[in-house]
Amino acid sequence: MVDVSQHKLVPEHTLVDEEAVDEVLQEYNVERTNLPKIKRKDPAVPDEAESGDVVRIVRDSRTTDQAVVYRLVIE
């Protein structure tokens, strides 16, 4: 079976610790539930992710070199 998370076209997905989540939410002035969602069973989500966790996704970008986005893990 292929490990999708290791494919070169899949951007880096990492879990964000709670302290960093609070900083991100304050920076963007949003609630956790306002973040875009990603399903826990998505193959790119780290195996240890649980519902309610926040995942940081770093994508390559033509305009800014790298684009960082955050997603709330849901069931």
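This report concerns the structure included in the present document.

Thresholds applied
- Residues numbered from 1 in each chain as written.
- Predicted model: local features only at pLDDT ≥ 70, side-chain atom pairs only at ≥ 80, totals over all residues.
- Heavy atoms only, no water.
- Helix = DSSP H or I, 4+ residues; strand = E, 2+ residues; numbered from the N terminus.
- Buried < 20%, exposed > 50% of the residue type's maximum accessible area, 1.4 Å probe, protein only.
- Lys, Arg positive; Asp, Glu negative; His and termini not counted.
- Salt bridge = Lys/Arg side-chain N within 4 Å of Asp/Glu carboxyl O.
- Contact = heavy atoms within 4.5 Å.

This part covers the side chain of arginine 71. Within the element layout of this structure, arginine 71 appears in strand 4 (residues 65-74). Lacking a salt bridge, the buried arginine 71 has aspartate 42 as its closest oppositely charged neighbour, with an N-O distance of 8.6 Å. Discounting chain neighbours no more than four positions away, the residues touching arginine 71 are Pro36, Lys37, Ile38, Asp53, Val54, Val55, Ile57 and Arg59.

Quick look at unusual backbone geometry now. With a phi angle near 55 degrees, asparagine 29 is a residue other than glycine that sits in the positive phi range. The residue asparagine 29 is located in the loop between helix 1 (18-28) and strand 2 (37-39) in this model. For aspartate 65, which is not glycine, the phi dihedral falls at a positive 70 degrees. Tracing the backbone through its elements, the reader meets aspartate 65 in strand 4. According to the relative accessible area criterion, aspartate 65 is exposed, its value standing at 59%.

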